[in-house]
Amino acid sequence: MKVTGSTNIMVRKLIRNLEKSKKPLWRKVAEELSASSRKRPYINLYKINKYTKTNDIVVVPGKVLGIGKLDHVVTVIALDFSKSAIEKIRASGGQTMSIYKALETFKDFKGKSVRLMKQ
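Residues numbered from 1 in each chain as written. Predicted model: local features only at pLDDT ≥ 70, side-chain atom pairs only at ≥ 80, totals over all residues. Heavy atoms only, no water.

## Overview of unusual backbone geometry
Moving on, step 1. Within the chain, Asn55 stands out as a residue other than glycine whose phi angle is a positive 70°.
Moving on, step 2. Tracing the backbone shows Asn55 in the loop between helix 3 (45-51) and strand 2 (56-65).
Moving on, step 3. By relative accessible area, Asn55 is classed as exposed at 55%. (Helix = DSSP H or I, 4+ residues; strand = E, 2+ residues; numbered from the N terminus. Buried < 20%, exposed > 50% of the residue type's maximum accessible area, 1.4 Å probe, protein only.)

## Things to note about the packing of helix 1 (residues 9-20) against helix 2 (residues 24-34)
Moving on, step 1. Here helix 1 crosses helix 2 at 150°, and the two axes come no closer than 7 Å. Put simply, helix 1 runs roughly antiparallel to helix 2. Seen from above, helix 1 lies across helix 2 with left-handed handedness. Between helix 1 and helix 2, the residues in contact are Leu14, Ile15, Leu18 and Glu19 and Trp26, Arg27, Val29, Ala30, Leu33 and Ser34, respectively.
Moving on, step 2. Looking at the contact of helix 1 with helix 2 residue by residue, the class counts come to 7 nonpolar, 1 polar and 2 charged. (Axes fitted to C-alpha atoms, helices over the stretch in contact; angles between N-to-C directions. Parallel < 35°, antiparallel > 145°, perpendicular 65-115°, else oblique. Left-handed = near helix turned anticlockwise from the far one by under 90°. Contact = heavy atoms within 4.5 Å. Nonpolar A, V, L, I, M, F, W, Y, C, P; charged D, E, K, R; others polar.)

## What about the confidence of the model for the protein?
Moving on, step 1. Summarising the model, the protein shows a mean pLDDT of 89, and 91% of its residues fall at 70 or more.
Moving on, step 2. Within the protein, strand 5 (residues 114-116) has the poorest average pLDDT of any element, 88, and helix 4 (residues 83-91) the best, 96. (pLDDT = per-residue confidence, 0-100.)

## Topic: the nonpolar core
If you look at soluble globular proteins, the nonpolar side chains tend to sit buried side by side.
Moving on, step 1. The biggest cluster of nonpolar side chains holds 18 residues, and the ones touching the most others in it are Leu18, Trp26, Val29, Leu33, Ile77 and Ile99.
Moving on, step 2. Counting residues per element, the ones that place at least two in this core are helix 1, helix 2, strand 2, strand 3 (74-81) and helix 5 (99-105).
Moving on, step 3. Broken down by element, this core gets its largest block of residues, 5 residues, from helix 2.
Moving on, step 4. Within the second largest apolar cluster, 14 residues are counted, among which are Val58, Val64, Val74 and Phe81. (Core = buried A, V, L, I, M, F, W, Y, C linked by side-chain atoms within 4.5 Å.)

Structure below.
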């Protein structure tokens, strides 16, 4: 059986750009995205709420789902979001950002509390 990688060209380009990064966090995200799409994590908001503090940055190499609630401000960076997750994150004062945009925006995370969330 031949391993082919993602069939989505944008995800392939993203993985290549993440691998070129000098930051270990982005390399770990690239490794997670290289896995089968069935193995990518689906993280619910209640988990993000439980394991983060105010003004944390959360990186999810998969999809964020809207089950639960968020009671503090966080920035969530993910490959994809459900519509309800976006609404709830923004309602709590937080911010949503795709991994594509975050790679350009955050060159380094100095002084920030960053969490990589997977299952």
